[in-house]
Amino acid sequence: MFADKDISKFNNIETPFYYYDTDLLQKTLHTCADAAAPYQFHIHYALKANFNPVLLNQVKEIGFGADCVSAGEVRRAVEVGFDNKKIVFAGVGKSDKEINEALDLDIFCFNVESIQELEVLNELAVKKGKTAQVAIRINPNVDAHTHHNITTGLDENKFGINSWDLPECADTLKASPNLKFIGIHFHIGSQITNLDVYKNLCVRVNEFAAWFEDKGFKLQVLNVGGGLGIDYYNPDHQIPDFGSYFKIFNEFLTIKPGQEVHFELGRALVGQSASLITRVLYIKNGKKKNFVVLDAGMTELMRPALYQAYHKIENLSRISNLRSQTPIKYDIVGPICESTDCFGKEVEQPESFRGDIFAIRSAGAYGEVMASKYNLRDAIRSVYSYEI
Ligand code: LLP
């Protein structure tokens with residue numbers, strides 16, 4: 001919820017920009033850390049959700065590790081000061097250059113996604129005289145019941161090693177002197193709001209762990225990935241229910257003495273802490289449609305265009321008119337030369353005018369980091385609550 005003082009300050013700032021509520025971020029991080037502490041669960045923050053250095057600094061201060069999917073993210077994590085020994089590196093297509101860089105940085109673990117990658121990693125580690133710690137990312141064929149574009153744990157997805165390839169994978173691990181196999185890794189998808197899905201994941205993790213133990217492997221790490229969703233419809237119910245989430249893993253995972261459970265959370269930690277603040281350039285009232293044309297578009301926040309994702313849209317300049325006026329239905333669009341450049345269709349808003357300030361809420365995850373230069377747009381700026 002925006003306070004009147006924020007709104008009047010926004011009027012004096014050039015739009016568009018991401019507005020970060022660093023107090024809310026702090027509260028969210030603490031709530032997560034406190035919920036994980038009784039179980040001694042290990043949290044790695046998924047940098048892909050947002051690698052803004054101010055945010056990363058707050059995440060690092062809380063003591064979380066980093067989950068990276070490129071050498072660039074590994075480098076960023078190290079630069080910000082994350083402990084190398086708390087960095088995991090996932091990704092279905094790590095290049096030799098990226099692997100070498102991560103080997104040089106002595107990261108905690110490579111989450112390996114294919115048998116060929118195991119072979120390449122071993123070869124590169126041999127050349128450097130190093131031992132790489134690895135977790136095998138397994139595709140558990142568990143349906144995350146989320147948007148099909150952000151589901152990752154089904155047989156048809158490109159991620160992870162399929163169960164039928166595990167015997168060959170075990171042989172490769174045994175034949176790779178410079179790999180230290182420390183555990184198994186899963187990530188079934190993102191924006192998961194039905195927590196029962198995680199019970200199914202736990203059942204599968206237990207089965208795979210038993211399979212490896214039967215073959216004589218000792219598993220130090222069970223990494224269950226991330227995916228916990230946020231409430232895009234009620235951005236003011238801001239902090240996800242980390243307590244219920246962790247409780248499921250504590251109840252349903254078979255955790256052996258000395259075994260560590262690792263998580264890779266992105267969206268749930270940062271998603272509600274930012275809004276895209278933008279100004280109305282034009283109002284176009286037509287016969288069939290009324291349009292609000294904003295100065296931000298899909299180049300600043302791509303999720304609606306890419307996944308038809310819902311983000312709550314608020315006209316901050318007219319909030320007090322919301323209850324007193326009959327709302328008007330607008331298509332809320334951006335300035336980009338693409339018809340998909342639309343944040344929402346037939347969205348009810350109070351009558352809106354050129355110059356009004358709009359907030360597109362819940363934009364802290366996969367917002368700023370997915371911005372593009374399409375149409376040679378200016379880079380999107382960030383403003384932090386402690387600055388204004
Ligand atoms: N671990 C792995 C291996 C992942 O692939 C991901 C996200 C995460 C952790 C963090 O997931 P989270 O807790 O944030 O759900 N751009 C899409 C989301 C893509 C997610 C990719 N992987 C969106 O805007 O919804």
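Residues numbered from 1 in each chain as written. Predicted model: local features only at pLDDT ≥ 70, side-chain atom pairs only at ≥ 80, totals over all residues. Heavy atoms only, no water.

### Quick notes on the packing of aromatic side chains
Note the cut-off: When two rings of Phe, Tyr or Trp (its six-membered ring) have centres within 6.5 Å they constitute a pair, described as stacked for plane angles under 30 degrees, edge-to-face for angles over 60, and tilted for the intermediate range. Categorising residues by exposure relies on relative accessible area from a 1.4 Å probe, with only protein chains included: less than 20% of the type maximum marks a residue as buried, more than 50% marks it as exposed, and the intermediate range marks it as partly exposed. Placement of a positive charge over a ring is assigned whenever Lys NZ or Arg CZ falls within 6 Å of the ring centre and within 35 degrees of the normal to the ring plane.
Applying the stated criterion across every chain, the model contains 25 aromatic pairs. A ring pair is formed by F10 and Y19, whose centres lie 4.9 Å apart and whose planes are at 70°; its orientation type is edge-to-face. Side by side, F10 and Y19 carry an identical accessibility label, which is buried. Through a chain of ring-to-ring contacts, three or more aromatic side chains come together here, namely Y39, F41, Y198, F242, Y245, F246, F249 and F263. Over the face of the ring belonging to F89 we find K94, whose NZ or CZ atom lies 5.5 Å from the ring centre. Here K215 stacks its cationic end above the ring of W211, 4.5 Å away from the centre of that ring.

### Focus on the nonpolar core
Test applied: Residues grouped as a nonpolar core are buried Ala, Val, Leu, Ile, Met, Phe, Trp, Tyr and Cys residues, joined through side-chain atoms within 4.5 Å. In this description a helix means any DSSP run of H or I spanning at least four residues, a strand means any run of E spanning at least two, and both kinds are numbered starting from the N terminus. Domain start and end points were adopted from an automatic or database domain assignment. We call two residues in contact whenever any of their non-hydrogen atoms come within 4.5 Å of each other.
F110, I184, F246 and F249 are the most contacted members of the largest nonpolar core, which totals 97 residues. With eight residues, the top contributor of residues to this core is helix α8 (residues 196-214). Two domains each put at least three residues into this core: domain 1 (4-17 + 272-387) and domain 2 (22-271). In this view, F249 contacts F41, Y198, L201, C202, V224, I255 and F263; residues no more than four positions away in its chain are not counted. Residues F2, I277, L316 and V383 belong to the second largest nonpolar core, which totals 11 residues.

### Here we look at the site of the ligand
We count it as follows: The criterion for a residue being near a molecule or strand is simple. One of its heavy atoms has to lie within 4 Å of it. Pairs of N or O atoms are called polar contacts if they sit within 3.5 Å, as long as, within protein, a hydrogen donor faces a hydrogen acceptor (for residues adjacent in sequence, only side-chain-to-side-chain pairs).
Around the ligand, the structure places 18 residues, and the nearest of them are S190, G227, E264, R303 and Y366. Between E264 and the ligand, the recorded distance is 2.7 Å, taken from a side-chain N or O atom to a nitrogen atom. In the environment of the ligand, an oxygen atom lies 2.6 Å from a nitrogen or oxygen atom belonging to the side chain of Y366. Among the elements of the structure, β10 (260-265) and α11 (303-307) are those that each provide at least two residues to the shell around the ligand. Looking at the shell around the ligand, you find at least three residues from each of domain 1 (4-17 + 272-387) and domain 2 (22-271).

### Re the domain arrangement of the protein
Formally: As used here, buried area is the combined drop in accessible area, with a 1.4 Å probe, of two parts when they are placed together. One side-chain nitrogen of Lys or Arg within 4 Å of one carboxyl oxygen of Asp or Glu is enough to make a salt bridge.
When cut into domains, the protein gives domain 1 (4-17 + 272-387) and domain 2 (22-271). Taking only C-alpha atoms into account, the centre of domain 1 sits 33 Å from that of domain 2. The partner domain 2 presents 26 residues to the 22 residues of domain 1 that form the contact. Between domain 1 and domain 2, the buried area comes to about 2,200 Å², and carbon and sulfur atoms account for 51% of it. Our enumeration of links across domain 1 and domain 2 arrives at one salt bridge.

### Things to note about unusual backbone geometry
Cis rather than trans, the peptide bond between T15 and P16 has omega equal to -5°. Examined against the element boundaries, P16 turns out to sit in the loop between α1 (4-10) and β1 (17-20).

### A word on empty space enclosed by the protein
Our working definition: Grid spacing is 1 Å over the protein atoms alone, the probe is 1.4 Å, and a cavity is where that probe fits but cannot get out, while a pocket is an open set with protein on both sides within 12 Å along at least five of seven lines and lining residues have an atom within 4 Å of a point. Grid points are joined across faces, edges and corners, and a volume is the space filled by probe spheres set on the points.
Under the criterion given, the structure shown has one cavity of 30 Å³ or more. As a volume, the largest cavity reaches approximately 30 Å³. Residue lining of the largest cavity: V88, F108, C109, N111, A135, V221, N223 and H262, and that is the complete set. When contributions to the lining of the largest cavity are tallied by element, the ones reaching two or more residues are β5 (109-112) and β9 (221-223).

### Remarks on the pattern of salt bridges
Using the criterion set out here, one finds 18 salt bridges in the structure. Between K60 and E61 there is a salt bridge; the shortest N-O distance is 3.3 Å. We classify E61 as exposed; its relative accessible area is 59%. Its salt-bridge partner being D104, residue K128 comes within 3.0 Å of it at the nearest N-O pair. You can see K128 sitting in helix α6 (residues 115-128) and its partner D104 sitting in helix α5 (residues 96-104), a full 24 residues away along the chain. For K128, a relative accessible area of 31% corresponds to the partly exposed category. The class of D104 is partly exposed, set by a relative accessible area of 45%.

### A few points about the pairing of strand β12 (residues 290-294)
Looking along a regular strand, one sees side chains alternate from face to face of the sheet. Just so we agree on the cut-off: Should DSSP find at least two bridges between two strands, the strands are taken to pair.
For β12, the buried fraction is high: four of the five residues fall into the buried class. Between strand β11 (residues 274-285) and β12, which pair antiparallel one after the other, the connecting turn spans four residues. Of the strand pairs in this sheet, β12 and strand β14 (residues 328-333) are connected by three bridges, and their pairing is parallel. Following the sheet pairing, V293 is matched in β14 by V333.

### Some points on the side chain of H311
Summarising the element assignment, H311 is placed in the loop between α11 and β13 (313-315). Within polar-contact distance, the side chain of H311 engages the backbone oxygen of R361 at 2.8 Å. Those residues in contact with H311 that sit more than four places away from it in its chain are Y232, L301, R303, P304, I360, R361, S362 and A363.

### Describing the side chain of N52
Position of N52 among the secondary structure elements: in the loop between β2 (42-46) and α3 (53-62). Given a relative accessible area of 3%, N52 falls into the buried group. A polar side-chain atom of N52 sits 2.8 Å from the main-chain amide nitrogen of V54. Within polar-contact distance, the side chain of N52 engages the side chain of E368 at 3.2 Å. Not counting chain neighbours up to four residues away, the residues in contact with N52 comprise Y20, E368, S382 and Y384.

### Considerations on a negative patch on the surface
The cut-off we apply is this: Exposure above 30% relative accessible area and no salt bridge define the residues that can form patches, which grow by joining like charges within 9 Å and nonpolar side chains of Val, Leu, Ile, Met, Phe, Trp and Tyr within 5 Å. In this description, accessible areas are obtained by the Shrake-Rupley approach with a 1.4 Å probe, and a residue is regarded as covered only by the protein chains that are shown. Only four residue types enter the tally: Lys and Arg on the positive side, Asp and Glu on the negative side, with His and both chain ends excluded. Charge positions are represented by NZ for Lys, CZ for Arg, CG for Asp and CD for Glu.
Residues D96, E119, E123, E168 and D171 make up a contiguous surface patch of negative charge. Sorting the residues of the negative patch by element identifies α6 and α7 (166-174) as the ones contributing at least two each. Examined against the element boundaries, D96 turns out to sit in helix α5. Here D96 falls in the partly exposed class, since its relative accessible area comes to 44%.

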